[in-house]
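# Working through the structure, step by step
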Amino acid sequence: MSWRVRSIRGATTCTVNSTAAIRDAVTELLDEIEAQNSLDLSEIVHVTFSVTRDLDQVFPAAIAREREHWDQVPLLDVQHMYVEGGLERCIRCLIQFNTPDPDRPIHHVYLRQAQNLRPDLCLRAKVAL
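Residues numbered from 1 in each chain as written. Predicted model: local features only at pLDDT ≥ 70, side-chain atom pairs only at ≥ 80, totals over all residues. Heavy atoms only, no water.

### A few points about the packing of aromatic side chains
Going through the model one piece at a time under the given rule, you end up with zero aromatic pairs. Above the face of the Tyr82 ring, Arg53 is positioned so that its terminal group lies 3.6 Å from the ring centre. (Phe/Tyr/Trp six-rings, centres within 6.5 Å; stacked < 30°, edge-to-face > 60°. Lys NZ or Arg CZ within 6 Å of the ring centre and 35° of its normal.)

### A closer look at the sheet that holds strand β3 (residues 75-79)
In space, the five strands of this open sheet follow the order β3-β2-β4-β1-β5, with mixed pairing throughout. Every other strand in the sheet has two partners, leaving β3 and β5 (109-110) as the edge strands with one partner each. In the packing of helix α1 (residues 19-36) onto the sheet, the strands contacted are β1 (4-13), β2 (44-51), β4 (90-99) and β5, and the crossing angle to β1 comes to about 140°. (Pairing = 2+ DSSP bridges. Helix = DSSP H or I, 4+ residues; strand = E, 2+ residues; numbered from the N terminus. Contact = heavy atoms within 4.5 Å. Axes fitted to C-alpha atoms, helices over the stretch in contact; angles between N-to-C directions.)

### Considerations on α1
Every α-helix winds through 3.6 residues per turn, so residues three or four apart in the chain are directed the same way. The end-to-end C-alpha distance of α1, which contains 18 residues, comes to 26 Å, matching closely the 26 Å that a straight helix rising 1.5 Å per residue would cover. Along α1, the positions that sit buried rather than exposed are Ala21, Ile22, Ala25, Val26, Leu29, Leu30, Ile33 and Gln36. Across the axial projection of α1, the buried residues extend over an arc of 150°, all falling on one side. Those residues of α1 that are exposed and aimed more than 90 degrees away from the buried face are Ala20 and Ala35. (Expected span 1.5 Å × (residues − 1). Buried < 20%, exposed > 50% of the residue type's maximum accessible area, 1.4 Å probe, protein only. Arc of directions from axis to C-beta.)

Encoded structure:
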């Protein structure tokens, strides 16, 4: 058996720039990622959140850290590069984890308006369910 680092991508959007809206979006995103992927939190290497510049009321990592068993997961927040015309009020995450099963399926999660970022992955996720 050979361990390997794998990654799960996810993204969502907020309706407004508020702590409550960001909390709802991050919670929904992480709930869905955990539901679709058999994550062992002790195998997570780190999670990076990026947010567009129009979201500045709370750190997504602070919200994630409040989740059960997430207090020991290395978390990082960064500001996503601004591109004119890009998706607004967007939160993205990249979860990197070690796994003894490098062939297990990965389900990337794109919610709300972020489904437009990777419709190819959204379609596969719906078929896999």
